[in-house]
Amino acid sequence: MGEKKETKFLRPESLSPRAEIDPAISAPPFQLHCPSMTRSPSLDIAPQTPKSTLASLLLSTPIASPMKKAIESMQCYFEEVAHFTKLDPQDAWLPITESRNGNAYYSAFHTLSSGLGAQALVLPLAFTTLSWTWGILCLSLVFMWQLYTLWLLVQLHESESGIRHSRYLRLSMAAFGEKQGKLLALFPIMYLSGGTCVTLIMIGGGTMKIFFQIVCGETCSMRPLAAIEWYFLFVCLAIILAQLPNLNSIAGVSLIGAITAISYCTLIWVVSIVQGRPEGVSYDPPEAKSDMARICDVLNALGIIAFAFRGHNLVLEIQGTMPSSAKKPSRKPMWRGVKLAYLIIATCLFPLAIGGYWAYGDLMPNGGMLNALHKYHGHDTSKLLLGLTSLFVVLNCLSSFQIYAMPVFDNLELRFTSKMKKPCPRWLRIVFRIFFGCLAFFISVALPFLMSLAGLIGGIALPVTLAYPCFMWIQIKKPTKYSAIWCLNWILGVSGMVLSMLVIAGAIWTIVTTGIEIHFFKPQ
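About the thresholds
Residues numbered from 1 in each chain as written. Predicted model: local features only at pLDDT ≥ 70, side-chain atom pairs only at ≥ 80, totals over all residues. Heavy atoms only, no water. Axes fitted to C-alpha atoms, helices over the stretch in contact; angles between N-to-C directions. Helix = DSSP H or I, 4+ residues; strand = E, 2+ residues; numbered from the N terminus. Parallel < 35°, antiparallel > 145°, perpendicular 65-115°, else oblique. Left-handed = near helix turned anticlockwise from the far one by under 90°. Contact = heavy atoms within 4.5 Å. Nonpolar A, V, L, I, M, F, W, Y, C, P; charged D, E, K, R; others polar. Phe/Tyr/Trp six-rings, centres within 6.5 Å; stacked < 30°, edge-to-face > 60°. Buried < 20%, exposed > 50% of the residue type's maximum accessible area, 1.4 Å probe, protein only. pLDDT = per-residue confidence, 0-100. Salt bridge = Lys/Arg side-chain N within 4 Å of Asp/Glu carboxyl O. Core = buried A, V, L, I, M, F, W, Y, C linked by side-chain atoms within 4.5 Å. Expected span 1.5 Å × (residues − 1). Polar contact = N/O pair within 3.5 Å; in protein donor to acceptor, adjacent residues only side chain to side chain. Arc of directions from axis to C-beta. Patch = residues over 30% accessible without salt bridge, like charges linked within 9 Å, V, L, I, M, F, W, Y side chains within 5 Å. Areas by Shrake-Rupley, 256 points an atom, 1.4 Å probe, with all protein chains shown as cover.

Peer 1: Just to check I follow, could you spell out the packing of helix H6 (residues 178-216) against helix H14 (residues 426-446) for this structure?
Peer 2: Angle between the axes and distance between the axes: these two values describe a pair of packed helices. Relative to each other, H6 and H14 sit at 65°, their axes nearing to 9 Å. Comparing their axes, H14 and H6 come out roughly perpendicular. Every pair of crossing elements has a handedness; the one defined by H6 and H14 is right-handed. Listed contacts from H14 to Gly194, Cys197, Val198, Ile201 and Met202 of H6 are Phe436, Ala440, Phe441, Ile443 and Ser444. Each residue belonging to the contact of H6 with H14 can be placed in one class, and the counts come to eight nonpolar, two polar and no charged.

Peer 1: Just to check I follow, could you spell out the packing of aromatic side chains for this structure?
Peer 2: Given two aromatic rings, one states the distance between the centres and the angle between the planes to describe the pair. Here the structure, examined in full by the defined rule, presents 20 aromatic pairs. Centre to centre, the rings of Phe401 and Phe436 are 6.1 Å apart; their planes meet at 40°, and the pair counts as tilted. A residue pair is termed long-range when its members are at least 10 positions apart, and Phe401 in helix H13 (residues 383-420) and Phe436 in helix H14 qualify at 35 residues. Per residue, the accessibility class of Phe401 equals that of Phe436, and both read buried.

Peer 1: How do you make sense of the packing of helix H3 (residues 104-115) against helix H8 (residues 251-275) when you look at a structure like this?
Peer 2: Where H3 meets H8, the closest approach of the two axes is 8 Å, and the angle between their N-to-C directions is 50°. The angle between H3 and H8 places the two elements in the oblique class. The element H3 and its partner H8 pack so that their crossing is left-handed. Contact residues: H3 offers Tyr106, Phe109, His110, Leu112 and Ser113, while H8 offers Ala251, Ser254, Leu255, Gly257, Ala258 and Ile262. Taken together, the residues of the contact of H3 with H8 break down into seven nonpolar, four polar and no charged.

Peer 1: Which parts of the structure should I look at to understand the confidence of the model for the chain?
Peer 2: Interpretation of this model should avoid reading the predicted coordinates in detail wherever pLDDT is low. In this model, the chain carries an average pLDDT of 84, and 83% of its residues clear a pLDDT of 70 or more. Counting contacts from residues 1-55, a segment whose pLDDT is below 50, to residues more than four positions away or on other chains yields 52 contacts. Contacts for the low-pLDDT stretch residues 81-85, under 50 throughout, to residues beyond four places or in other chains number eleven contacts.

Peer 1: Please clarify how the pattern of salt bridges should be interpreted in this entry.
Peer 2: It is possible for side chains bearing opposite charge to pair when their charged atoms get close. Enumeration according to the criterion identifies nine salt bridges in this entry. Two residues, Glu229 and Arg223, come together in a salt bridge whose shortest N-O distance is 3.6 Å. Here the salt bridges share partners, and the residues they tie into one network are Asp91, Arg100, Arg167, Arg170 and Asp410.

Peer 1: Which parts of the structure should I look at to understand the nonpolar core?
Peer 2: A general trend in soluble globular proteins is that nonpolar side chains are found buried together. The biggest cluster of nonpolar side chains holds 119 residues, and the ones touching the most others in it are Tyr264, Ile305, Phe401 and Met472. In terms of residue count, helix H4 (residues 123-156) provides more of this core than any other element does, 16 residues in total. Apart from residues no more than four positions distant in its own chain, Met472 is found in contact with Leu153, Leu156, Tyr168, Leu171, Ser172, Ala175, Phe176 and Lys477.

Peer 1: Teacher, can you tell me more about the environment of Ile304 here?
Peer 2: Relative to the elements of secondary structure, Ile304 occurs in helix H9 (residues 291-307). Among the residues examined, Ile304 registers a relative accessible area of 21% and is labelled partly exposed. Between the C-alpha atom of Ile304 and that of Ala126, which follows or precedes it by 178 residues, the distance is 6.2 Å. Beyond its immediate sequence surroundings of up to four residues, Ile304 is in contact with Val122, Leu123, Leu125 and Ala126.

Peer 1: Honestly, the side chain of Ser330 in this entry has me stumped. Any pointers?
Peer 2: Mapping Ser330 onto the fold places it in the loop between helix H10 (315-319) and helix H11 (331-360). Taking relative accessible area as the criterion, Ser330 reaches 0% and is therefore assigned buried. For Ser330, the residues in contact, after removing those within four places along its chain, are His157, Glu158, Arg164, Gln319, Met322, Pro323 and Ser324.

Peer 1: Looking at this model, I keep getting lost on unusual backbone geometry. Mind explaining?
Peer 2: Note: most peptide bonds trans; most residues except glycine with negative phi. With a phi close to 65°, Ser131 is a non-glycine residue in the positive phi region. Checked against the element boundaries, Ser131 lands in helix H4. Phi angles above zero are rare outside glycine, and Phe521 is one such case at about 55°. The residue Phe521 is located in the segment after helix H17 (484-514) in this model.

Peer 1: Would you take a moment to explain H8 for this structure?
Peer 2: An α-helix turns once every 3.6 residues. As a result, residues three or four positions apart point the same way. Between its first and last C-alpha atoms H8 spans 36 Å; for 25 residues at 1.5 Å apiece the expected length is 36 Å, and the two agree. Within H8 the residues assigned to the buried category are Ala251, Val253, Ser254, Gly257, Ala258, Thr260, Ala261, Tyr264, Cys265, Ile268, Val271 and Ser272. In this structure, the buried residues of H8 make contact with H3, H11, helix H12 (369-377) and H13. Looking one or two places after H8, you find Gly276, whose phi comes out positive at around 90°.

Peer 1: Is there a simple way to think about the environment of Gly355 in this case?
Peer 2: Position of Gly355 relative to the elements: it lies in helix H11. Given the relative accessible area of 7%, Gly355 is considered buried. As a C-alpha pair, Gly355 and Val270 span 85 residues in sequence and 7.9 Å in three-dimensional space. Sequence-distant contacts of Gly355, that is, excluding residues within four places in its chain, are made with Ile273 and Phe350.

Peer 1: Explain the side chain of Ser324 here, please?
Peer 2: Positionally, Ser324 belongs in the loop between H10 and H11. Only 2.3 Å separates the side chain of Ser324 from the side chain of Glu158, close enough to count as a polar contact.

Peer 1: So what exactly am I meant to see when it comes to helix H5 (residues 168-176) here?
Peer 2: Among the residues of H5, Tyr168, Leu171, Ser172, Ala175 and Phe176 are the ones counted as buried. Buried residues of H5, seen end-on, are gathered within an arc of 110° and therefore sit on one face of the element. In this fold, the buried residues of H5 make contact with H4, H6, H10, helix H15 (454-466) and helix H16 (468-477).

Peer 1: What is the right way to read a nonpolar patch on the surface from this model?
Peer 2: Where nonpolar side chains cluster on the molecular surface, the patch consists of Trp490, Val494, Val498, Met501 and Leu502 and spans about 440 Å² of accessible area. When you line up the elements, Met501 lands in helix H17.

Given below as structure tokens:
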């Protein structure tokens, strides 16, 4: 057979007449100079057809340089949008992701409101068992541990394929599979949302009663309300606030919650130290009846410290309210807000725990610092300070109720939009929120002893904070086996699961040995 002749294209006479040009070869899709190159394979476009000789010549001239730069910029822009807007259209209908104009300040407000609350007031109880050295050491270790897992969640929010995991449950399903992810995370997340709201009703309603007694005084002729009536009043106020449409719209409410939490935490430990220690304060650990009882006391103390850090189930939801692009991913402003929030949380929790233990020692009542303040200093402390402290607790509970109820509202609307394929109408959204408020009120009245089981149920939810993020990082990021990050996450993940099981065992032992007072429909 004859040899095939190679086809060559010659430049026009105005250029080098002897120069040869190879057939025009197009660059791979989106391989121009662009800051974001990692994309999902599903977003790849079909290969471009070879450019004509005339197009190659036109783009190679100096006159075409601005046009070429414009095409590269547009191509880079479309790649960036394609990478970071792989969003489920249904997200635009749901209250968590309905608005995506959040910022670092909003994230700080939400993180403070969800992470700092009345649970911090019982921290000195852990010190009565662990004493000074072990108490401070354990508090510091758990603080760094949960801050690290928080960082993992912030980094895992955006996957390399461009998918944003704006809910903890969806990230769990992406890491462990749909069935196993739901099995591991669904109950703890629902408890941390719905169960926290029930607890906030009990704390908020009970503190409203204390506030009324302080303001009204002993000579007040008004009939005091019963506990169930205070609960109902608290729920009515919470339902009214819950009509704000989405997570971004409650940023102002979260700011109020953050300010009030900082205020009452600071007021309580400052007043306790200024007023001085009551007589008979001792810092010796209480004597246990047996070695097993001593071990269970230590486990319960560790549980108290671990439960003081909450809000990990809301981190992805808060980050989901932020815009994201290749140049400005949401993890950067989110982490700035988290660092600011936890710097403030640390300045509240450590003085509260250390100062509270110094002020009351082994005389600390089971209710925590607020009960101790009223018990030992209620007679020699200004009613203004006592009333202001109680008012701050109530406002913080109302604010925290909104952010913890938002995943429940989101889940209810998800069921509707998945079935009807349209946004939830305004009237139905109102009905959903009233329904949840009434359900939480019913549980708080029907099961007033639920707070006595907080250690048991909280131990089940503990892996959400300390263990699952480590395992999800390994499953999704797939670090090199036996590398430092791989070993660290395995150690922390396994330790978190072991701690969870030990806390559950200690809670069960305490319930069996000491018992709990069970009374239905009789809130105290």
